[in-house]
Amino acid sequence: MKVLKFGGTSVANPENINKVKSIVQNSSKDKLAVVVSAFGGITDVLLNTLQQASLQDEGYKTGLEQIEQRHIDVVKTLIPVQNQSTILSKVKSDLNILETLLEGSFLIGEITPKLSDKVVSYGELLSSYIISEYFKAEGLNATVKDSRELIITDATYGKAVVNFESTNLNCQEYFGSSEYQVHILPGFVASSEDGTSTTLGRGGSDYTAAIVAAAVDASLLEIWTDVSGMYTANPRLVKQAKCVAHISYEEAMELSHFGAKVLYPPTIQPVLGKEIPIVIKNTFSPDDAGTLITKNTNGGGKTVRGISHVGNISLLSLEGPGMIGIPGISKRFFETLSLENISVVLITQASSEHSICVGIADEDVQQAVAAVNQAFEFEIARKKIKPVIVEKDLTIVALVGDNMKSHQGLSGKMFSTLGKNNVNIRAIAQGASERNVSAVIKKTDVKKALNSLHEEFFEENVKQLNLFVMGVGNVGSKFLAQIRQQKKYLKDELQLNIRVIGISNSRTMAFDDNGIDLNDWESILAQGEKADKEKFFDTVTELNFRNSVFVDNTASDEVANSYPNYLKNSISVVTCNKIACSSDYTFYKELKQLAKKYNAPFLFETNVGAGLPIIDTLKNLIASGDKVNKIQAVLSGSLNFVFNNFNDEVTFHDIVKQAQEEGYTEPDPTIDLSGIDVMRKILILARESGNQLDMEHIENEAFLPQESLDTNSNEAFFDSLKEHEDGFQELFKEAKDADSKLKYVAQFENGKAKVGLQKIPKGHDFYNLEGSDNIVLFFTERYPNQPMIIKGAGAGADVTASGIFADIIRIGNF
């Protein structure tokens, strides 16, 4: 004999009930017990209607009408017209009794647990009757059996305790003598010894099926629901979650206890002793394999089988010096909670005996606090124990697996993963069996925590990075294009799944939890909401994705000043904006310290040399113990382009204009030509070498006339270049006469830095520097005479974008 159970979603409407009928028909070569829940949503409507009636709200009649219409519609849809009269008469008769019960609650203005059980039982009683009549009409050898005649419980209404001796005997006698092939049973409902309706608790239809399966020694218990088995994590929160093909009873109990809602936690207990297999199947995808639950056969398989969570948890802490070494404190604490019928979900206690911490449901907090404070009133008054401390809005996240106990470091790996993603752990617990490791976290962190842990334990080392990109102009658009082009390669070869979740320019911003389509990002951004830097940051933190990276492709002071906010939320920062790293030294140092404190990389490779690995190389030199003695460099691709193309046949104005149009200069070209940009770059290199330096410490030998530097618009600046053309031609002539080339050089030596235009003779490393290339010479203790040289394209949107991309990949490998 097999037992099949179908949940509320599986019998929510006539179409779904027809699917159930097909599944039962395919199984009908065996004798079957088919346990059904109330039609989807009906139990909630019954409870709400009863609540309204108890408040003497006439609106309860609307709920009653809804319940009646729902059941009548199902009958009229499923049952042939000639058979409807008798069935409708029975349904209406039951609904009349339900109406009488609700009227009684309305008149006396209250609900009792006993009345509540009677009212909610009608959901399953009506669904089982209607489904059995439909099965008969479809030619199945079927009957309905009231579970209240089989399952006997005590009188604990709402969550009654089963009398297994009486129940097993009833089931064996009934099924042993029944000649029907298919037996439809209402789930959830039972009766006390005196025949009064009781219920087995929400989700109790699973329990009904397990009780019957154990009583008759069924060959298999099938739980049919709306998902294809038990998953490695909640698939609604973790899109990469996978169905677990085979787990043990103990693992299934742990997962169901910690929120795996496909299975009601007590379900496994009745079948465990008899080793009856359970299969979790999908009514809407019946050919899917589902999850098989048996005794532990995991052997040397995966250590962690699933990650689950239970929400709406509060922590209650009892602490104080009067607890240390005093026997009986824990007993009194737990006894108090037990007397209030409050279930404890998690327990942890300090070895010093100074505190006890328990996790309970949010809804029980007020009652628990009052009871515990009263129980310890004497000790609290004498300040030996503090009043109960409460932390609300928490969630328990748990790793589950039979083989976890034989593998070292799993707890550390779990806590490290959460810590890296700025998920603060409020409490931890681990049983002696080591089948479960639990951590209590803020409920706002649950999605990030589950995804981070799932990535660590189940996703074959594929790391997801979630990018929030501000600035999608010249450099930003090239960056997005490179990500789109390389997405598959990164996933296949580097195990990096890079998603762009948010983008913004100065006008609009757009977000997509599932990742913005980079083939259509421009139109998505155009249709986005108004740009707001503060709201952009708020959205990033509210989304709370793991491995979040803020990418700054702007030249904005305001954006640079927002970096601390991102880093404090463990959001990495990648930037080509030089303002932050060349601002006041204390701010630069703060950013570095925040990055270290919150485990959030702060990378700015493109601040010097665009895509050239200058800063990374410098960091590696310092990290390996080398010391930088001198730096000489041509660091402005813009200025190098200008002076490589300027001669006595073209005007300085035209060359600078060309550099701006081709994207080699900043939007404000005075930043480049004044030397400020180069000053920032040598300042950053000096700081990364371990020196404390600010902009005012750098000597700037400007070549531009003061009149040009003092202009307040690009138009005025270019006009001034025309006026001073003779001076620029004179600079060129002097260099040409000396058989030299003009290069704008930065130098750092003996703690001092300077920048300025120099005449570079033939034979010098800088002489043949072409186009917009940059070059850096590092003279160090290991490279005292022949410096380490880094040379290549140092300006342009493509190479800058590739440098940003390289920093993103560094974070992926972090």
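To be clear, the structure that these remarks concern was listed above.
Residues numbered from 1 in each chain as written. Predicted model: local features only at pLDDT ≥ 70, side-chain atom pairs only at ≥ 80, totals over all residues. Heavy atoms only, no water.

K.L.:
Outline the overall build of the chain, listing residues and values.
P.N.:
Regarding its fold elements, the chain presents 29 helices and 30 strands. The principal-axis extent of the C-alpha atoms belonging to the chain is close to 115 × 70 × 55 Å. Looking at the chain residue by residue over its 814 residues, the buried ones come to 54%. Put simply, 72% of the contacts in the chain that link residues at least 6 apart link residues at least 24 apart. If you sum the accessible surface of the chain, you get close to 35000 Å²; carbon and sulfur atoms cover 46% of it. (Helix = DSSP H or I, 4+ residues; strand = E, 2+ residues; numbered from the N terminus. Buried < 20%, exposed > 50% of the residue type's maximum accessible area, 1.4 Å probe, protein only. Contact = heavy atoms within 4.5 Å. Areas by Shrake-Rupley, 256 points an atom, 1.4 Å probe, with all protein chains shown as cover.)

K.L.:
Tell me about the environment of Val551, and please be specific about residues and values.
P.N.:
Note that Val551 resides in strand 22 (residues 548-552). Since its relative accessible area comes to 0%, Val551 is described here as buried. Sequence-wise, Val551 and Leu95 are 456 residues apart; in three dimensions their C-alpha atoms are separated by 62 Å.

K.L.:
Break down a negative patch on the surface for me, citing the residues and quoting the values.
P.N.:
A grouping of Glu707, Asp710, Glu715, Asp719 and Glu723 is seen on the molecular surface, where their side chains present a negatively charged patch. Residue position: Asp719 is located in helix 27 (residues 714-723). (Patch = residues over 30% accessible without salt bridge, like charges linked within 9 Å, V, L, I, M, F, W, Y side chains within 5 Å. Salt bridge = Lys/Arg side-chain N within 4 Å of Asp/Glu carboxyl O. Lys, Arg positive; Asp, Glu negative; His and termini not counted. Charge placed at Lys NZ, Arg CZ, Asp CG, Glu CD.)

K.L.:
Lay out the pattern of salt bridges in plain terms, naming residues and giving numbers.
P.N.:
Summed over the entire model, instances satisfying the criterion amount to 33 salt bridges. Between Asp217 and Lys274 there is a salt bridge, with its nearest N and O atoms 2.9 Å apart. Within this pair, whereas Asp217 is found in the loop between helix 7 (204-215) and strand 8 (220-225), its partner Lys274 is found in the loop between helix 9 (268-272) and strand 10 (278-282), the two being separated by 57 residues in sequence. Residue classification places Lys274 among the partly exposed positions, given a relative accessible area of 40%. Salt-bridge contacts for Lys681 lead to Asp677; the nearest nitrogen and oxygen are separated by 3.1 Å. Placement of the pair is Lys681 and Asp677 together in helix 25 (residues 676-688), with a separation of four residues, close to one helical turn. Each member of the pair, Lys681 together with Asp677, is buried. The structure contains a network of salt bridges with shared partners spanning Glu605, Asp616, Asp807 and Arg810.

K.L.:
Please give an account of the sheet that holds strand 25 (residues 628-634) that cites residues and values.
P.N.:
Pairing is mixed in the open sheet, where six strands are placed in the order 26-28-27-25-29-30. Taken across any chain shown, the strands that pair with only one partner, and hence form the sheet edges, are strand 26 (698-701) and strand 30 (788-793). The average angle at which neighbouring strand axes cross in this sheet is 20°, direction not considered. Pairing analysis gives ten bridges linking strand 27 (residues 740-749) to strand 28 (residues 752-761), with the strands arranged antiparallel. Each residue of the ladder has a partner; that of Tyr744, found in strand 28, is Leu757. Relative to strand 27, helix 22 (residues 637-645) is tilted by about 155°, and along the sheet it contacts strand 25, strand 27, strand 28 and strand 29 (773-780). Here helix 28 (residues 725-737) sits on the sheet and contacts strand 27 and strand 28; the angle it forms with strand 27, its principal contact strand, is near 90°. (Pairing = 2+ DSSP bridges. Axes fitted to C-alpha atoms, helices over the stretch in contact; angles between N-to-C directions.)

K.L.:
Could you give an account of the packing of helix 23 (residues 652-661) against helix 27, with specific residues and numbers?
P.N.:
Helix packing for two helices is described by the angle between their axes and how far apart those axes are. Contact geometry for helix 23 and helix 27: axes closest at 8 Å, N-to-C directions at 145°. In contact with Phe652, His653, Val656, Lys657 and Gln660 of helix 23, helix 27 contributes Asn714, Phe717, Phe718, Leu721 and Lys722. For the contact of helix 23 with helix 27, the per-class residue count stands at five nonpolar, three polar and two charged. (Nonpolar A, V, L, I, M, F, W, Y, C, P; charged D, E, K, R; others polar.)

K.L.:
Give a description of the environment of Gln486 that names residues and reports values.
P.N.:
Inspection of the secondary structure puts Gln486 in helix 15 (residues 474-494). For Gln486, a relative accessible area of 27% corresponds to the partly exposed category. Considered as a pair, Gln486 and Lys413 are 73 residues apart in the sequence and their alpha carbons are 30 Å apart.

K.L.:
Run through the sheet that holds strand 12 (residues 306-319), naming residues and quoting values.
P.N.:
Strand order in the open sheet made by the six strands is 13-14-12-15-17-16, with antiparallel pairing throughout. The open sheet is flanked by strand 13 (346-349) and strand 16 (427-430), the only strands paired with a single partner. Sheet twist, expressed as the average angle between the axes of neighbouring strands with direction ignored, equals 30°. Here four bridges tie strand 16 to strand 17 (residues 436-442), and the two strands are oriented antiparallel to one another. Counterpart to Ile428 in the pairing with strand 17 is Ala439.

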